[in-house]
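# Structural characterization, general
Residue-level listing of the chains:
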Amino acid sequence: MKEALAVIIQTGRLVFCHPERPEERERIAFGESHAGEELRRFCAREGISTDTVVLFVAESLLFFKTFELPAKTADLQEAIGYQLGILTPFDPEDLVFGHSAVKDKEVFQIALYAAARSTVAPVLEQLTAAGFTVAGLYPEYAQYLAGGKQPATSALVLEGPFPKAFLFKAGRLVNRLVLPMDLGYQELVSRLGTDLIAMPEAREGSGFGVAAALPVPRLGLREFNLLPADYRRPEYSRWLVAVLLALNLLGLAALAGIKEYRISSRTATVAQALADLRPQVEEVRQLKDQEEALKAFVSAFGQLGENPDIIAALAHLTESLPASSYLDQVRMEKTARTVNVTGFTRDMGELSKELKGLGDAKLKSTSRRRDKTYFDMDITLP
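In short, a report on the structure.

## Some points on the overall build of the protein
Across its full length, the protein carries 7 helices and 17 strands. Residues classed as buried in the protein amount to 37% of the 382 residues present. Side-chain charges of the protein comprise 44 positive and 49 negative groups, with the mean position of each set lying 6 Å from the other.

Here is the structure:
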């Protein structure tokens, strides 16, 4: 944040802080004079040209509470808003609040700050009426918390009628405690669990570090902005980032679309080429099948040429077979020029005589059943 004025809202008064020297302050009674006009006079007197204001609210005007919400809570802002009437002592219709959330295993650790809107609204109205822009509304402790890297654990103590201790982890507020009066450094170390404890106007040798109010640009204003939504300026930088991100996404989507179109186009081209080739491939397959069939036929024909004339032998066998003889089976041996003949006859002598004309006949076996002679005979063809 660029140069800005810090204004502290306290009970019944306002404190104006110089933007470059925050320790230089002017206090005015609020209600007796117009806050915006008084701040204009302060700026003119100190030679301050900025119109940006950051407000800080005294801790005595604020309510603080820590609680837990389930880690599966979809909208933390909405969930917290539903419970404000129960969690805070203020009327939900007269309320400003801010929160921080840290996820811890199965829950969100919530820290909540709230204030009555009626406490801060008159100051906001008078400052904006005088032409000032209010950039934020934060708890009082935030004016002592620098930006940048912070220790793992540290604490801040603000004195007053009810002293308060603020416990930080890596610069984030995790708890606010109300302290008994006049606690020493060692007692606070034991109570807070850290030896890095700072205090405004700490005495030398007390063990406390010195907490000085810092210029607004050096502050780590990361959480608990209680400024009502109707007073917030549009965050143009965030909108710009969102627009640039959207444009980048659109660009990536367009590139992806172009790439997808090219891939689809090439895929369609390849598919069409394959479709054109498919009939030719089918024709080649059929020709190959025909070629294999012809090769098988030629091979069989060649083998047939080397065998005896089985057709002539069968014709001769049929003509020579006596009328009283019958054949059951005629089988040609693959490895020899032999015909195996089985059947039955009434006259075995006549059958043997007639079959000798075919070649060398050799009777393998005979059997007699029902006046018939069954035979099994091999005939070697010439």
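Past the structure itself, the notes keep going.
## Some details on the layout of surface pockets
Once rolled over the atoms, a probe with the size of a water molecule shows which space is left empty. Its boundaries defined by the atoms lining it, the largest pocket holds a volume of some 800 Å³. Those elements giving two or more residues to the lining of the largest pocket turn out to be β1 (5-10), β2 (13-17), β3 (25-29) and β9 (153-158). Residue classes in the lining of the largest pocket are distributed as 15 nonpolar, 5 polar and 9 charged.

## Some details on the pattern of salt bridges
On inspection of all chains with the given rule, the structure shows 9 salt bridges. Between R40 and D51 there is a salt bridge whose closest N-O contact spans 2.8 Å. One end of the pair, R40, is in helix α1 (residues 35-46); the other, D51, is in the loop between α1 and β4 (52-57), with 11 residues separating them in the sequence. A salt bridge links D289 to R285; the nearest nitrogen and oxygen atoms lie 3.0 Å apart. With D289 and R285 both in helix α5 (residues 236-306) and 4 residues apart, this pair spans about one turn of that helix. D289 gets classed as partly exposed once you look at its relative accessible area, which sits at 42%.

## Some points on the side chain of T52
Checked against the element boundaries, T52 lands in strand β4. Under the relative-accessibility criterion, T52 is labelled buried at 16%.

## Brief notes about the sheet that holds strand β11 (residues 172-178)
On the basis of which strands lie adjacent, the open sheet formed by 5 strands has the order β11-β10-β9-β12-β13 and mixed pairing. The open sheet has two edge strands with one neighbour each: β11 and β13 (209-210). As paired strands, strand β12 (residues 197-199) and β13 are joined by 2 bridges and run parallel to one another. Looking at β13, one finds that A198 is bridged to G209.

## Looking at unusual backbone geometry
Unlike most non-glycine residues, K105 shows phi in positive territory, near 55°. Checked against the element boundaries, K105 lands in the loop between β6 (96-104) and β7 (107-115). When its relative accessible area of 76% is taken as the criterion, K105 is described as exposed. Of note, the phi angle at E201 is positive, near 55°, even though the residue is not glycine.

## Observations regarding the pairing of strand β17 (residues 372-380)
Two faces belong to every sheet, and in a regular strand the side chains alternate between them. Examined bridge by bridge, strand β15 (residues 338-345) and β17 share 8 bridges and lie antiparallel to one another. Considered in β17, the bridge of T342 is made with D376. The pairing of strand β16 (residues 360-369) with β17 spans 9 bridges and is classified as antiparallel. Residue K362 lies in a different strand from β17, and its bridge partner there is D378. Hairpin geometry of β16 and β17 is characterised by an intervening segment of 2 residues between the two adjacent antiparallel strands and by a positive phi of about 55° at R370.

## So, a nonpolar patch on the surface
Taken together, the side chains of L245, L249, L252, L255 and I258 make up a nonpolar region of the molecular surface, amounting to roughly 510 Å² of accessible area. As for its position among the elements, L249 is in helix α5.

## Thoughts on empty space enclosed by the protein
Counted under the stated rule, the structure contains 2 cavities of 30 Å³ or more. Taken as a whole, the largest cavity holds about 70 Å³ of empty space. Every residue lining the largest cavity is counted, 14 residues in all, and those nearest its centre are A6, C17, P22, L214 and P215.

## Points about α1
Working note: α-helix, 3.6 residues per turn, so residues spaced by three or four point in the same direction. Its 12 residues give α1 an end-to-end C-alpha distance of 16 Å, which sits within 8% of 16 Å, the value for a rise of 1.5 Å per residue. Buried residues of α1: A35, G36, E38, L39, F42 and C43, and no others. Projection of α1 onto a plane perpendicular to its axis shows the buried side chains occupying an angular sector of 160°, all on one side. One or two positions beyond α1, positive phi appears at G47, with a value near 70°.

## Remarks on the sheet that holds β3
Sheets are built from strands that pair by backbone hydrogen bonding, the pairs being arranged parallel or antiparallel. Reading across from one edge, β3-β2-β1-β4-β8 is the order of the 5 strands in this open sheet, with mixed pairing throughout. The strands lining the two open edges of the sheet, one partner per strand, are β3 and β8 (133-139). Between one strand axis and the next, the sheet turns by 25° as a mean value, whatever way the strands run. Of the pairings in the sheet, the one linking β4 to β8 comprises 6 bridges and is parallel in character. Within β8, the position partnered with V54 by the bridge is G136. Contacts between α1 and the sheet are confined to β1, β2, β3 and β4, with β2 contributing the most and set at about 25° to the helix. Sheet strands touched by helix α3 (residues 117-129): β1, β2, β4 and β8. Its angle to β4, the strand with the most contacts, is close to 170°.

Cut-offs and rules
Residues numbered from 1 in each chain as written. Predicted model: local features only at pLDDT ≥ 70, side-chain atom pairs only at ≥ 80, totals over all residues. Heavy atoms only, no water. Helix = DSSP H or I, 4+ residues; strand = E, 2+ residues; numbered from the N terminus. Buried < 20%, exposed > 50% of the residue type's maximum accessible area, 1.4 Å probe, protein only. Lys, Arg positive; Asp, Glu negative; His and termini not counted. Charge placed at Lys NZ, Arg CZ, Asp CG, Glu CD. 1 Å grid on protein atoms, 1.4 Å probe; cavity = no way out; pocket = protein on both sides within 12 Å on 5 of 7 lines; lining within 4 Å. Points joined across faces, edges and corners; volume = space filled by probe spheres on them. Nonpolar A, V, L, I, M, F, W, Y, C, P; charged D, E, K, R; others polar. Salt bridge = Lys/Arg side-chain N within 4 Å of Asp/Glu carboxyl O. Pairing = 2+ DSSP bridges. Patch = residues over 30% accessible without salt bridge, like charges linked within 9 Å, V, L, I, M, F, W, Y side chains within 5 Å. Areas by Shrake-Rupley, 256 points an atom, 1.4 Å probe, with all protein chains shown as cover. Expected span 1.5 Å × (residues − 1). Arc of directions from axis to C-beta. Axes fitted to C-alpha atoms, helices over the stretch in contact; angles between N-to-C directions. Contact = heavy atoms within 4.5 Å.

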